[in-house]
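# Observations on the three-dimensional arrangement
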Amino acid sequence: MSFRKKRSLSQVTNIKNHNPNDEALKKSEANLRTIFDNTDSAYILFDTNLQILSFNLLAQKFSEGYNKKTLRIGRYINEYFSAERWLVILEVLEKLAAGETISYELSVIDDSGTTNWHHVRWLNVKNNDNKNWGYILTNKDITEIKTATLERERITNDLTQHNRDLEQFTYIISHNLRAPVANILGLTNILKDHGQGMDEETQQEVIDRIFTSTKNIDTTIKDLNQILQTRKPVGSKKERVDFEAMVDAVKTSLRNIIALEKVKINCDFTPVDSMFTTRSYLYSIFYNLTSNSIKYRKADIPPIINITSQKIDDIIELRFKDNGKGIDLDKNAEDVFGLYKRFDTSVEGKGMGLFMVKTQVAALGGSIHLESKLGEGTEFILQFNQPA
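Residues numbered from 1 in each chain as written. Predicted model: local features only at pLDDT ≥ 70, side-chain atom pairs only at ≥ 80, totals over all residues. Heavy atoms only, no water.

Here the focus is the packing of aromatic side chains. Applying the stated rule across the entire model yields nine aromatic pairs. Where Phe81 meets Trp122, the ring centres are 6.4 Å apart and the plane angle is 35°; that geometry is what we call tilted. Residue Phe81 is found in the loop between helix H3 (57-67) and helix H4 (83-97), and its partner Trp122 is found in strand E4 (residues 115-126); the two are separated by 41 residues along the sequence. Taking relative accessible area as the criterion, Phe81 reaches 21% and is therefore assigned partly exposed. Here Tyr283 and Tyr287 contribute two aromatic rings whose centre-to-centre distance is 6.0 Å and whose plane-to-plane angle is 35°, an arrangement assigned as tilted. Here Tyr287 and Tyr283 lie together in helix H9 (residues 279-295), a separation of four residues that amounts to about one turn. Owing to a relative accessible area of 28%, Tyr287 belongs among the partly exposed residues under this scheme. Over the ring of Trp117 we find Lys146; its NZ or CZ atom is 4.8 Å from the centre of that ring. (Phe/Tyr/Trp six-rings, centres within 6.5 Å; stacked < 30°, edge-to-face > 60°. Helix = DSSP H or I, 4+ residues; strand = E, 2+ residues; numbered from the N terminus. Buried < 20%, exposed > 50% of the residue type's maximum accessible area, 1.4 Å probe, protein only. Lys NZ or Arg CZ within 6 Å of the ring centre and 35° of its normal.)

The following block contains the structure:
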């Protein structure tokens, strides 16, 4: 007699149908899904037909937050990009199909107007036969790291600029202040020692020279004060400033010289017509660049100044191009924006205009450089970070 219990037919059937490999596969899928949904990167997997095969929770959150669209398996990936952006993505996919891995940083503005940074990667998925099977799009939020990096760069740039300022101020003190002070001391000693025996004409000449030296000191101190005021953090209220209105204001200020020299100012602000900034600083930049072009005009032709704008991603670019004398950059590139640096002594000036332009552009968080050839005019290119 057997003491072993007999199993029912249903029990036997369940044992026969049970496959340990299926159970292991389900556990593996569950583990992968847990990892997939708890990583710090968003993932979307889609096939060569551009249909979405899978995605994680972070990808869904990102799509709903920024695109206002819900990811769905079976939908085409191009539905989640603008027509303009999709043209760029197509180029990326072509590079992926050729075997490249693409990665870049992308800035995105959220509903509160805050700029968030993401590191985006595109990967090509191949099967065992090395054939293209599909693609993976990953997106990682790097806002905290990027913000810290940008802040470090800003501090480094500020320190570098402060060092340059100290060098400039040292130069001013040693040249623009020391010389007139020495003149005053010498002239006052002459008056003190020989004033009684001087004729009236000589005495007046000494007094005039003292006055000139004192005036030079006063001018230098005013220049220093102007520079220091510009170096202060921009405290003025920022507002939306219209470029056309800014040019009109400059034309009004320079109307006499514009009429006298038959200056023609052409503007095209169709791509972008305004920016959010400090009005007084932008006016000073427009004024100095325009007056600089007029000042260094060619003698034989009327000055023509072309002012244009364009938007490049989050950058607003302004260009001021003239048909003036131009600059020999091979000789003077390092000193173009330097304080008291002048290359054309046939024109009145003291080398403050372009220095102040660069200072104010930097104060607004922008950058400036120029392209020029002697005898062929000059073009100043200004760039300001202006997220949409």
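Picking up after the structure, the text goes on.
A few words now on the sheet that holds E4. With antiparallel pairing, five strands are arranged side by side in an open sheet as E2-E1-E5-E4-E3. The open sheet is flanked by strand E2 (52-55) and strand E3 (102-109), the only strands paired with a single partner. The average angle at which neighbouring strand axes cross in this sheet is 20°, direction not considered. Strand direction decides the pairing type here: strand E1 (residues 41-47) and E2, joined by three bridges, are antiparallel. Residue pairing in the sheet places Phe46 in a bridge with Ile52 of E2. Relative to E4, H4 is tilted by about 40°, and along the sheet it contacts E1, E3, E4 and strand E5 (132-141). (Pairing = 2+ DSSP bridges. Axes fitted to C-alpha atoms, helices over the stretch in contact; angles between N-to-C directions. Contact = heavy atoms within 4.5 Å.)

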